[in-house]
Amino acid sequence: MTATTTTDDLQAQAHAHLWGHFSKLTPEDAGGTVVIERGDGCYVWDHTGKRYLDGLAGLFTVQAGHGRPSIAKAMAEQAEKLAYFPVWTYAHPTAAELAARLAALAPGDLNRVFFTTGGGEAVESAWKLARQYFVAKGEPGRHKVISRNLAYHGATLGALSITGLDAIKDVFAPLIPQGNLKVPNTNSYRYPELTPEALLAPAEAIEAAIVEAGPETVAAVYLEPVQNSGGCFTAPDGYFARVREICDDYGVLLVSDEVICAFGRLGSMFGAERLGYQPDMITMAKGLTSGYSPLGGVMVSDKIAEPFLENDEIFLHGITFGGHPVSCAAALANLDLLEGEDLAGHVRTNEGAFRAALEGLKDLPIVGDVRGMGYFYGIELVKDTTTKETFTEAEADFLLRGELTPHLIANGLLCRADDRGEPVIQLSPPLVAGPDEFEEIARIIRIALLHAMDAMEKMA
Ligand SMILES: Cc1ncc(COP(=O)(O)O)c(C=O)c1O
């Protein structure tokens, strides 16, 4: 803020000129758009000085917490030394060092990194890479991608084609590449029966989709270790092993989309590692720099790099700012913190306490399910916990946007109230959070839910 800019000016400027992403142009909250000005650890402060617990780590991103001086310092030093150079033809030290470090951390033979600036670009890059790989291998018919209903893999057109959310796709239908397939997700709260066969049905559906599409046309299956959209769907035991087996049987690549689930979020450096499967590619972004600077990438297996080496072939793809020197410096300093403070271990030690704090809300008749793992949880809200009856679209809108969000914000908690599937509250705090923050999160959610339940009753 300059000396002549008042706090009211900032809101006015935002309302008049800033086009927020997935946001209404008119602020949802009567108090106006919240303008976040600074952060420290698990907390952020708005332009009026009000403090909030950052229950979503910005946007599932700030793993190491806000305000870490070592990351800022590394970025400043890099900007002074070499602010920009591309990784097109050239390399520069921070990209080379980061690539080697990620290759050492990633599971199995994921030994190469293609850097992007974010997650959607990583998702699209992996798709293009899969396509060019199969052309190089003499299987040019393979280009389709299978992904799960409701899953979010990005909003640019290629990534949107892989995203499984009709509500954000329909208006763009004529622009979106066609031919990709969607399969059921692993929403165990709504499985008909908890028999072992029913549990693995979502994996078997992937085989059915490959067969239906024609295996010779399918390039890749994209899965998140824990599916974000819809509310933190974990997979049943055996699911990923079965999907890996199906991919191998039909010669299809398995892409683990870890834009959210890597860098400690699930209690391990990569989500696939914690869940015990070996992908052919991992897409990543967000926590790679803890959000201090934009960076994403695709970890690629030796198998996929092989034809490019053998044929001396160029991957026909590039992004000016992919592997930006300052972003790579931020990522290296971030990895120093994640490893030096063993934040993944901290998550594994404390994830039980996080779950317990959220499960403590189950006495409220609106709380249907608490699900997730690590520091990544969703709370599904229902009309009736016995029948699991959900809310109508209008009710969900009133509940989430009309009641819950304003009460959560007013009481100092930033998290996500989302109804891209059934209504859920989503939580993904910075990995430095512990029992005190969990208690505060649960306390504020209880207050907001009690208000919302009261308002819903009055509305009925
Ligand atoms: C699993 C997953 N993939 C891809 C993306 C897109 O990432 P970005 O917003 O950086 O393009 C997201 C964003 O939330 C995501 O959660």
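Residues numbered from 1 in each chain as written. Predicted model: local features only at pLDDT ≥ 70, side-chain atom pairs only at ≥ 80, totals over all residues. Heavy atoms only, no water.

Asker: Would you mind showing me how to read the sheet that holds strand β3 (residues 51-54) here?
Answerer: A sheet is described by the order of its strands in space; here four strands give the open sequence β1-β2-β3-β13, paired in mixed fashion. A strand with exactly one partner marks an edge of an open sheet, and here the two such strands are β1 (36-40) and β13 (413-414). Strand direction decides the pairing type here: β1 and strand β2 (residues 43-46), joined by four bridges, are antiparallel. Bridged to D40 within β2 is Y43. Contacts from helix α15 (residues 435-459) reach β2, β3 and β13 within the one sheet, and its direction differs from that of β3 by about 110°. (Pairing = 2+ DSSP bridges. Helix = DSSP H or I, 4+ residues; strand = E, 2+ residues; numbered from the N terminus. Contact = heavy atoms within 4.5 Å. Axes fitted to C-alpha atoms, helices over the stretch in contact; angles between N-to-C directions.)

Asker: I keep staring at the packing of helix α8 (residues 196-213) against helix α9 (residues 239-250) and nothing clicks. Help me out?
Answerer: Helices that pack against each other are described as a pair by the angle of their axes relative to one another and the distance between those axes. For the pair α8 and α9, the least separation of the axes is 8 Å and the interaxial angle reads 15°. In this view, α8 runs roughly parallel relative to α9, as classed from their interaxial angle. When you trace α8 past α9, the crossing you get is right-handed. Every residue of α9 that contacts α8 at L200, P202, A203, E204, I206, E207, I210 and V211 is listed here: Y239, R242, V243, I246 and Y250. When its residues are assigned to classes, the contact of α8 with α9 shows ten nonpolar, no polar and three charged. (Parallel < 35°, antiparallel > 145°, perpendicular 65-115°, else oblique. Left-handed = near helix turned anticlockwise from the far one by under 90°. Nonpolar A, V, L, I, M, F, W, Y, C, P; charged D, E, K, R; others polar.)

Asker: Would you take a moment to explain the site of the ligand for this structure?
Answerer: Around the ligand lies a shell formed by G118, G119, G120, Y152, H153, G154, E224, D257, V259, I260 and K286. A distance of 2.7 Å separates a nitrogen atom of the ligand from a polar side-chain atom of D257. Protein contacts shield 79% of the accessible area of the ligand, which totals 390 Å² for the unbound molecule. (Near = heavy atom within 4 Å. Polar contact = N/O pair within 3.5 Å; in protein donor to acceptor, adjacent residues only side chain to side chain. Areas by Shrake-Rupley, 256 points an atom, 1.4 Å probe, with all protein chains shown as cover.)

Asker: Any chance you could explain the environment of E197 here in plain terms?
Answerer: As for its placement among the helices and strands, E197 is situated in helix α8. Take E197: its relative accessible area is 58%, and that puts it in the exposed class. The spacing of E197 and G372 is 175 residues in sequence and 22 Å in space, taken between C-alpha atoms. (Buried < 20%, exposed > 50% of the residue type's maximum accessible area, 1.4 Å probe, protein only.)

Asker: Mind showing me how you'd approach the sheet that holds strand β12 (residues 376-381) here?
Answerer: By way of backbone hydrogen bonds, the strands of a sheet pair with one another, either parallel or antiparallel. Here we have four strands laid out as an open sheet, ordered β11-β12-β15-β14, and antiparallel in their pairing. In this open sheet, the two strands that pair with only one neighbour each are β11 (367-373) and β14 (416-418). If you compare each strand with its neighbour and ignore which way they point, the axes differ by 20° on average.

Asker: Quick question: what am I supposed to make of the domain arrangement of the chain here?
Answerer: Interface extent is often summarised as the accessible area lost during association of the parts. What the domain assignment lists for the chain is domain 1 (34-64 + 342-459) and domain 2 (69-340). The interface of domain 1 with domain 2 comprises 36 residues on the first partner and 34 residues on the second. It is M373, F376 and R420 that lose the most area in domain 1 upon contact with domain 2, and together they represent 24% of the buried surface on that side. For R274, the salt bridge is made with E351, and the minimal N-O distance between the two is 2.8 Å. Linking domain 1 with domain 2 are 21 residue pairs in polar contact (both at pLDDT 80 or more), by the criterion used here. (Domains from an automatic or database assignment. Buried area = accessible area lost by both parts, 1.4 Å probe. Salt bridge = Lys/Arg side-chain N within 4 Å of Asp/Glu carboxyl O.)

Asker: For this particular structure, what's the right way to read helix α3 (residues 69-81)?
Answerer: Between its first and last C-alpha, α3 extends 18 Å over 13 residues, near the 18 Å set by a 1.5 Å rise per residue. If you check which residues of α3 are buried, you get I71, A74, M75 and Q78. With its buried residues spanning 100° around the axis, α3 presents them on a single face. With respect to the buried face of α3, the exposed residues turned more than 90 degrees away are P69, K73 and E80. If you follow the buried residues of α3, they end up packed against α4 (93-105) and α12 (325-340). (Expected span 1.5 Å × (residues − 1). Arc of directions from axis to C-beta.)

Asker: Whenever I open this one, the pairing of strand β10 (residues 296-301) confuses me. Can you help?
Answerer: Remember that side chains alternate between the two faces of the sheet whenever the strand is regular. With six of six residues buried, β10 lies mostly within the body of the structure. Neither face of β10 is left uncovered, since the one carrying G296, V298 and V300 and the one carrying G297, M299 and S301 both have all their residues buried. Pairing between strand β4 (residues 110-116) and β10: six bridges, direction antiparallel. What sits directly across from F114, in β10, is V298. With four bridges connecting them, strand β9 (residues 281-284) and β10 associate as antiparallel partners.

Asker: I tried to follow the layout of surface pockets on my own but got confused; where do I start?
Answerer: It is the rolling of a water-molecule-sized probe over the atoms that shows where space remains empty. Looking at the second largest pocket, its volume works out to about 940 Å³. Residue lining of the second largest pocket: 27 residues in total, with V87, R112, V113, F114 and F315 positioned closest to the centre. Looking at the lining of the second largest pocket element by element, the count peaks at five residues for β4. In the lining of the second largest pocket, the residues fall into 20 nonpolar, five polar and two charged. (1 Å grid on protein atoms, 1.4 Å probe; cavity = no way out; pocket = protein on both sides within 12 Å on 5 of 7 lines; lining within 4 Å. Points joined across faces, edges and corners; volume = space filled by probe spheres on them.)

Asker: Which parts of the structure should I look at to understand the pairing of β3?
Answerer: As defined by bridge partners, β2 adjoins β3 across three bridges and the pair is classed as antiparallel. Residue Y43 lies in a different strand from β3, and its bridge partner there is L53. Joining the antiparallel neighbours β2 and β3 is a turn of four residues, in which G49 adopts a positive phi near 95°. Strand direction decides the pairing type here: β3 and β13, joined by two bridges, are parallel. If you follow D54 over to β13, its bridge partner there is L414.

Asker: Is there a simple way to think about the side chain of K169 in this case?
Answerer: When you line up the elements, K169 lands in helix α7 (residues 166-169). Buried within the structure, K169 lacks any salt-bridge partner; its nearest side chain of opposite charge belongs to D166, at an N-O separation of 5.2 Å. In contact with K169, other than residues within four places in its own chain, are L160, S161, T163, I176 and K182. (Lys, Arg positive; Asp, Glu negative; His and termini not counted.)

Asker: In this structure, what is going on with helix α11 (residues 302-310)? I would like to understand it.
Answerer: For an α-helix the count is 3.6 residues per turn, leaving residues at separations of three or four pointing the same way. Looking only at α11, the buried set comprises I304, A305, P307 and F308. Along α11, the residues classed as buried sweep out an arc of 155° about the axis, all on the same side. Counted as exposed and oriented over 90 degrees from the buried face of α11: L309 and E310. Packing partners of the buried residues in α11 comprise β4, α5 (119-136), β8 (253-257), β9 and β10. Two residues or fewer after α11 comes D312, characterised by a positive phi angle close to 55°.

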